[in-house]
Amino acid sequence: AVAGCDAFLSTSPMMNPAGHACQHSASLRTPVAKLGGVTMMATQEAEAVKQKILQIAALTDRGQRLNTLVADTYQEKRTQIADLATKLEPMSKEVTEEALEGEWELAYADVELFRSSPFFLAIERALDTSPGIPTLGKMLGITDPTKKSAMFFKLHQLQVLSWGASTVGRIGQRIDFKKGEFESEFDTVIFGLTVIPILGWFKLLPTFGGRVVTLADALKLEGNEMKMELAKTQVVTCPGVKRLPFLDGIFMDKWYPVREVWKLLPWNGGPFDGRSPECSVSVTYVDETMRLTKDMSGALFVYTRPVE
């Protein structure tokens, strides 16, 4: 009768399907019913917010159309998605190693996509925590020593993405707390389309590219912050894209010891007692299918689980 009472709660608060009086008082049942309703409503609200975030991510090409170096288009979408993220964050599941483990793919960033990699997260930390502004930085108009990385990333973007020479494909991350490893990978395609406008009907240059894999270790979770240390990087074959012609045997499929070189550089305190390439991100939301993180500058990154 007790089980029947619980099952029949939504239609008859005092009677079970057999018509017998329930053994639980209404005061004991009502909070349970309300709690279930609130939980369901919160889940539905979170899913609605997530859908809007993904819609804006698709519209803005993962945030790439928000790049003001190209044009000041869709800037209202930057504000909209920031507001949606703020609304979603209080509905987060508990930030645990279990919730973060596994594979993720980048769906949106309000800064350059490559900044999701530990390689550039470490550069950001190194530049923005070092004192002073170098002469070149002053010539480029930097006035805040904590914003040096922003200029570096703009210059890097201009060098690698100008004239459509290089485009960024899938960006993925694998998180493994048991091994203490955080692996990032992004696919790049070089010379996607090279034709003479109007006259051309064939590509002038071959398309090639690769997958840049960066490994960070010493991974640990402190509160909602994932801390790690940049270790090494390599370029491997990107499925469906031809490898670098002539140079693939020299530069590809080899791990480069970034950490060791990093400590030798004078701006990192080298060559004798250089700082380690440490970096971190804060997890502001996580559930079974979506994760939101922010870097030390507050840049927003939205990740989703891969589609099976």
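Criteria and thresholds
Residues numbered from 1 in each chain as written. Predicted model: local features only at pLDDT ≥ 70, side-chain atom pairs only at ≥ 80, totals over all residues. Heavy atoms only, no water. Axes fitted to C-alpha atoms, helices over the stretch in contact; angles between N-to-C directions. Helix = DSSP H or I, 4+ residues; strand = E, 2+ residues; numbered from the N terminus. Parallel < 35°, antiparallel > 145°, perpendicular 65-115°, else oblique. Contact = heavy atoms within 4.5 Å. Nonpolar A, V, L, I, M, F, W, Y, C, P; charged D, E, K, R; others polar. Pairing = 2+ DSSP bridges. Phe/Tyr/Trp six-rings, centres within 6.5 Å; stacked < 30°, edge-to-face > 60°. Lys NZ or Arg CZ within 6 Å of the ring centre and 35° of its normal.

Visitor: Sorry if this is basic, but what is going on with the packing of helix α5 (residues 118-129) against helix α7 (residues 148-161) here?
Guide: When two helices pack together, their arrangement is given by the angle between the helix axes and by the axis-to-axis distance. Here α5 crosses α7 at 135 degrees, and the two axes come no closer than 8 Å. Here α5 lies oblique to α7, going by the angle between them. Between α5, through Phe-120, Ile-123, Glu-124, Leu-127 and Asp-128, and α7, the contact on the second element is made entirely by Lys-148, Ser-149, Phe-152, Phe-153 and His-156. In terms of residue class, the contact of α5 with α7 is made up of five nonpolar, two polar and three charged.

Visitor: Any chance you could explain the sheet that holds strand β3 (residues 181-190) here in plain terms?
Guide: Sheet strands associate in pairs through backbone hydrogen bonding, adopting either a parallel or an antiparallel arrangement. Taken in spatial order, the eight strands close into a barrel running β1-β2-β3-β4-β5-β6-β7-β8, and their pairing is antiparallel. Ignoring which end each strand starts from, the neighbouring axes of this sheet average 35 degrees apart. Judged from the five bridges that link them, strand β5 (residues 225-236) and strand β6 (residues 278-286) form a sheet pairing that is antiparallel. Across the sheet, the residue bridging to Met-228 is Cys-279, located in β6. Its contacts with the sheet place helix α3 (residues 75-88) against β1 (102-109), β6, β7 (290-294) and β8 (300-304), and it is angled at close to 110 degrees to β7.

Visitor: Please clarify how the packing of aromatic side chains should be interpreted in this entry.
Guide: Here the distance between the centres and the angle between the planes together describe a pair of aromatic rings. Per the counting criterion, the structure on display carries six aromatic pairs. Put simply, the rings of Phe-114, Phe-119, Phe-120, Phe-152 and Phe-153 pair up and form one aromatic cluster. Directly above the ring of Trp-255 sits Lys-232, whose terminal nitrogen or CZ lies 4.6 Å from the centroid. Over the aromatic face of Trp-104 sits the side chain of Arg-291, whose NZ or CZ is 4.9 Å from the ring centroid.

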